[in-house]
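Residue-level structure breakdown
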Amino acid sequence: MSCNKSRLMEFLHGTAEVVEVEDGALRLFRVPRNLLPKLNERVNIRAVSPAGAELRFRMGSSPVRLKLRRMPDASNPVFTSQTAVLAGIFRGDFQGSWIALQEGDNEIEIAPFTGSVDVLAKNRSRFSPELTRIVLPPFIELRLLELEGEIEPPRPGDCPEFNYLAYGSSITQGAYTPLGTGTYPAVLGRELGVDVCNLGFGGGAHLEPEIAEWIVSREDWHFATLELGANLFGLTVDEFRSRVGNFLAVFASDSRHRPVFCLDLLPNPGEIGGGAAEKAAAFREIVEDEINAAGVTFLFRLEYASSLARVSDLSTDLLHPAAHAFESIGRTLAGQIEPLLSGMLQKK
């Protein structure tokens, strides 16, 4: 098939809407466009970064040709100058190769797998090795120009049964990691054997009720994490309490009673450098208070700060974890979440 908007969503994961723009290029949005005017500017900028997004398809016997356009860094500034921009080719769970994406148009030829699918299938974790996954990078806008070849959408059983949704800041989106598989939601998903939807927005986790309502209205996730506070440290304590309370009230109203795990603050510059330790402690306490005030049994607070093993696991801005630290954060959070899921994942 050649790339066309009408059929493309069958092959996309982690994308809410596709819009055709100039030259027939397809722009990928992680949030529906009609919701964006109700959200802050940072979400509007970051919504076109494909954090957690993938192209997924079964291949025939001939190569598949993929053409992606990496937009100039100025269209989605931050972090891209510090890291490479890489797309990964996976056969199910198994890494094939990483492709460096240059600014402008990039053409990728994906050859059919010539190894033993049966051996991979016996050792699969989440995904069938019959499924080719193109894992997109977290922090640059990419546009899809072409997807051509003998392909078909994923079949039942090719992907995990359970889906995890992560909402948060640039830490959730994956700042300072060039790999879509390197974010803490991606690590957490691997540890628990689930699929992942990444709704991290650098500078944009402002806890608007509108995005909470959209998330709760979605039927495609089974549990979620919410990063609360990283982008709101400039608020007063009272303002933060109101923002968190209103945000969590939407999740508490979820008739499906899906488990939601709340993350407060990692160590931040004000806390580490002194002068804001008391405020950081108050923000963490507010998150716990508002979870309790919600009066439901499916909202939980995780020990987020302790998931960072040491302050030197931060980058030099003392705000974002270094790339290697996402692995320990994801593993630590997965260890806290698994016993709270009441056996949900044992069905997988």
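In what follows, the accompanying structure is described. All of these numbers come straight from a predicted model, not from anything done at the bench.

This next bit is on the overall build of the chain. Helix and strand counts for the chain stand at 10 helices and 16 strands. On C-alpha atoms alone, the chain measures out to a radius of gyration of 20 Å, which is about the 20 Å that the 2.2 N^0.38 rule sets for 348 residues. Taken along its principal axes, the extent of the C-alpha atoms in the chain is 60 × 45 × 40 Å. Evaluated residue by residue, the chain yields a buried proportion of 55% over its 348 residues. Look at the contacts in the chain between residues 6 or more apart in sequence, and 78% of them connect residues 24 or more apart. Summed over all atoms, the accessible surface of the chain reaches about 14,100 Å², with 48% contributed by carbon and sulfur. A gap of 3 Å separates the mean positions of the 34 positive and 45 negative side-chain charges of the chain.

Of all the nine residues making up helix α5 (residues 184–192), seven are buried; the element is thus mostly covered by neighbouring parts of the structure. Inspection of α5 places Tyr184, Pro185, Ala186, Val187, Leu188, Gly189 and Leu192 among the buried residues, and these make up the whole buried set. On its buried face, α5 sits against β12 (163–168), α4 (170–173), β13 (195–200), β14 (223–227), β15 (260–263) and α10 (325–337). Two residues or fewer past α5, Gly193 is found with a positive phi of approximately 75 degrees.

Together, Ile272, Val311 and Leu318 make up an exposed nonpolar region whose accessible area comes to about 200 Å². Here Val311 is to be found in the loop between β16 (299–301) and α10.

With that out of the way, let us pick up the packing of aromatic side chains. For the structure shown, the criterion picks out nine aromatic pairs. Taking the centre distance of 5.3 Å and the plane angle of 35 degrees together, the rings of Tyr167 and Phe247 count as tilted. Of this pair, Tyr167 sits in strand β12 while Phe247 sits in helix α7 (residues 237–252), placing them 80 residues apart in sequence. Residue Phe247 is classed as buried on the basis of its relative accessible area, which comes to 0%. Here a set of aromatic residues connected by ring pairs shows up, and it is made of Tyr164, Phe223, Phe261 and Phe300. Looking at Arg133, its charged tip hangs above the ring of Phe127, at a distance of 4.1 Å from the centre. Note that Lys279 overlies the ring of Phe233, its terminal NZ or CZ placed 5.0 Å from the centroid.

Turning next to the sheet that holds strand β5 (residues 64–70). In spatial order, the strands read β2-β3-β10-β5-β8; together these five strands make up an open sheet with antiparallel pairing. Looking along the sheet, the strands with just one partner apiece sit at the ends: β2 (17–20) and β8 (104–110). In this sheet, adjacent strand axes meet at a mean angle of 30 degrees when their direction is disregarded. Judged from the four bridges that link them, β2 and strand β3 (residues 26–29) form a sheet pairing that is antiparallel. In the strand pairing of β3, Val19 is matched with Arg27.

What follows deals with the sheet that holds β16. Sheet architecture is open: five strands sit in the order β13-β12-β14-β15-β16, paired in parallel fashion. Only two strands of the sheet have a single neighbouring strand rather than two, namely β13 and β16. For this sheet, the mean angle separating the axes of adjacent strands, direction not counted, is 20 degrees. Bridging between β12 and β13 involves six bridges; their strand directions are parallel. If you follow Tyr167 over to β13, its bridge partner there is Leu199.

This brings us to the pattern of salt bridges. Per the stated rule, a full pass over the model turns up 28 salt bridges. For Glu219, the salt bridge is made with Arg256, and the minimal N-O distance between the two is 3.3 Å. With Glu219 in the loop between α6 (209–217) and β14 and Arg256 in the loop between α7 and β15, the pair connects residues that are 37 residues apart, well separated along the chain. Exposure remark for Arg256: the relative accessible area of 38% places this residue in the partly exposed category. Put simply, Arg331 and Glu327 hold a salt bridge, and the shortest N to O gap is 2.9 Å. You can see Arg331 and its partner Glu327 sitting in helix α10, four residues apart, about one turn around the helix. Several salt bridges converge on common partners, so that one network encompasses Asp264, Glu271, Arg284, Arg301 and Glu303.

Quick notes on the rules
Numbers given to residues run from 1 along each chain, matching the order in which its sequence is written. For a predicted model such as this one, the threshold for reporting local features is a pLDDT of at least 70, and the threshold for listing and counting side-chain atom pairs is 80 or more; totals across whole chains, interfaces and linings nevertheless cover every residue. The basis for every side-chain value is the complete set of non-hydrogen atoms in the structure, without hydrogens or water. Here a strand is any run of E in DSSP of at least two residues, a helix any run of H or I of at least four, and the numbering for each starts at the N terminus. Atoms counted for the radius of gyration: C-alpha only. Globule rule: 2.2 Å times residue count to the power 0.38. Only protein chains enter the area calculation, which uses a 1.4 Å probe; residues under 20% of their type maximum are buried, those over 50% are exposed, and those in between are partly exposed. By definition in these notes, contact holds between two residues if any of their heavy atoms fall within 4.5 Å. All accessibility values rest on the Shrake-Rupley procedure with a 1.4 Å probe; residue burial counts only the protein chains present in the view. Charge counting treats Lys and Arg as positive and Asp and Glu as negative, with His and both chain ends excluded. Charge positions come from single atoms, namely NZ of Lys, CZ of Arg, CG of Asp or CD of Glu. Residues qualify for a patch when their relative accessible area is over 30% and they have no salt bridge, like charges being joined within 9 Å and the nonpolar side chains of Val, Leu, Ile, Met, Phe, Trp and Tyr within 5 Å. Criterion for a salt bridge: a side-chain nitrogen of Lys or Arg within 4 Å of a carboxyl oxygen of Asp or Glu. Pairing of aromatic side chains here covers Phe, Tyr and the six-membered ring of Trp, requires ring centres within 6.5 Å, and sorts the geometry by plane angle: under 30 degrees stacked, over 60 edge-to-face, intermediate tilted. Comment: the charge-over-ring label is applied if NZ (Lys) or CZ (Arg) is within 6 Å of the ring centre and within 35 degrees of the ring normal. Two strands pair under a simple rule: DSSP has to find at least two bridges between them. Angles here are taken between N-to-C directions and fall from 0 to 180 degrees, while the axes themselves are lines fitted to C-alpha atoms, restricted in helices to the stretch in contact.

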